[in-house]
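Structural features, examined
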Amino acid sequence: MNMPITFKRILHFTVLAICFFILRSISEVIGIIGNFLWDIIRSIYRIIIGVTGFILSTIAFFGFILWLFTL
């Protein structure tokens with residue numbers, strides 16, 4: 001009587017361990033993909049800020065040159 005109960009418990013914990021391993025693997029894959037996408041979005045954001053800063057600096061530079069011509 002004791003043997004089937006022990007085997008059932010071992011099988012139960014084995015199935016639980018497999019399920020936790022599968023869930024952890026899926027979670028890590030989602031984390032890796034999420035980090036990759038976050039890096040892409042952050043890079044695009046930095047490029048947009050850099051281009052905007054360059055355009056504003058160019059406008060300010062030529063505006064300063066034009067202002068110097070009016071002196």
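In this report, we go over the structure that sits alongside the text. (Residues numbered from 1 in each chain as written. Predicted model: local features only at pLDDT ≥ 70, side-chain atom pairs only at ≥ 80, totals over all residues. Heavy atoms only, no water.)

A word on the overall build of the protein chain
To keep things clear, this is the line we draw: Labels follow the DSSP assignment, with helices taken as runs of H or I lasting at least four residues and strands as runs of E lasting at least two, numbered in each case from the N terminus. Three exposure classes are used, based on accessible area relative to the maximum for each residue type with a 1.4 Å probe and protein chains only: buried under 20%, partly exposed in between, and exposed over 50%. With residues, only the protein chains shown are counted as cover, and all accessible areas are computed by Shrake-Rupley using a 1.4 Å probe.
On a plain count of helices and strands, the protein chain comes out with one helix and zero strands. Expressed as a percentage of the 71 residues in the protein chain, the buried residues total 0%. When the accessible surface of the protein chain is split by element, carbon and sulfur atoms take 80% of a total near 6,900 Å².

Some details on the pattern of salt bridges
Formally: When a carboxyl oxygen of Asp or Glu is within 4 Å of a side-chain nitrogen of Lys or Arg, the pair counts as a salt bridge.
Applying the stated rule across the entire model yields two salt bridges. Note that E28 and R24 form a salt bridge whose closest N and O atoms lie 3.2 Å from each other. Pair noted here: E28 and R24 are both in helix α1 (residues 2-69), with a separation of four residues, about one helical turn. Judged by its relative accessible area of 45%, E28 falls in the partly exposed class.

As for a nonpolar patch on the surface
Let me state the cut-off plainly: Excluding any residue in a salt bridge, patches collect residues exceeding 30% relative accessible area, merging like charges within 9 Å and nonpolar Val, Leu, Ile, Met, Phe, Trp and Tyr side chains within 5 Å.
Together, V29, I33, F36, L37, I40, I44 and I48 make up an exposed nonpolar region whose accessible area comes to about 660 Å². Looking at the element boundaries, I40 is found in helix α1.

Things to note about the packing of aromatic side chains
Formally: Stacked, edge-to-face and tilted labels apply to pairs of Phe, Tyr and Trp rings (six-membered ring for Trp) whose centres lie within 6.5 Å, assigned for plane angles under 30 degrees, over 60, and everything in between, in that order.
Taken as a whole and assessed by the stated rule, the structure comprises two aromatic pairs. Relative to F62, the ring of F61 lies with its centre 5.4 Å away and its plane at 70 degrees, an arrangement referred to as edge-to-face. On the basis of relative accessibility, which here comes to 49%, the residue F62 falls in the partly exposed class.

A few points about the environment of S25
So the rule is basically this: Polar contact is the term for a pair of N or O atoms within 3.5 Å; when the atoms are in protein, one must be able to donate a hydrogen and the other to accept it, and sequence-neighboring residues count only if both atoms are side-chain atoms.
Along the chain, the position of S25 falls in helix α1. Sequence separation between S25 and V15 is 10 residues; the distance between their C-alpha atoms is 15 Å. A distance of 2.9 Å separates a polar side-chain atom of S25 from the backbone oxygen of F21.

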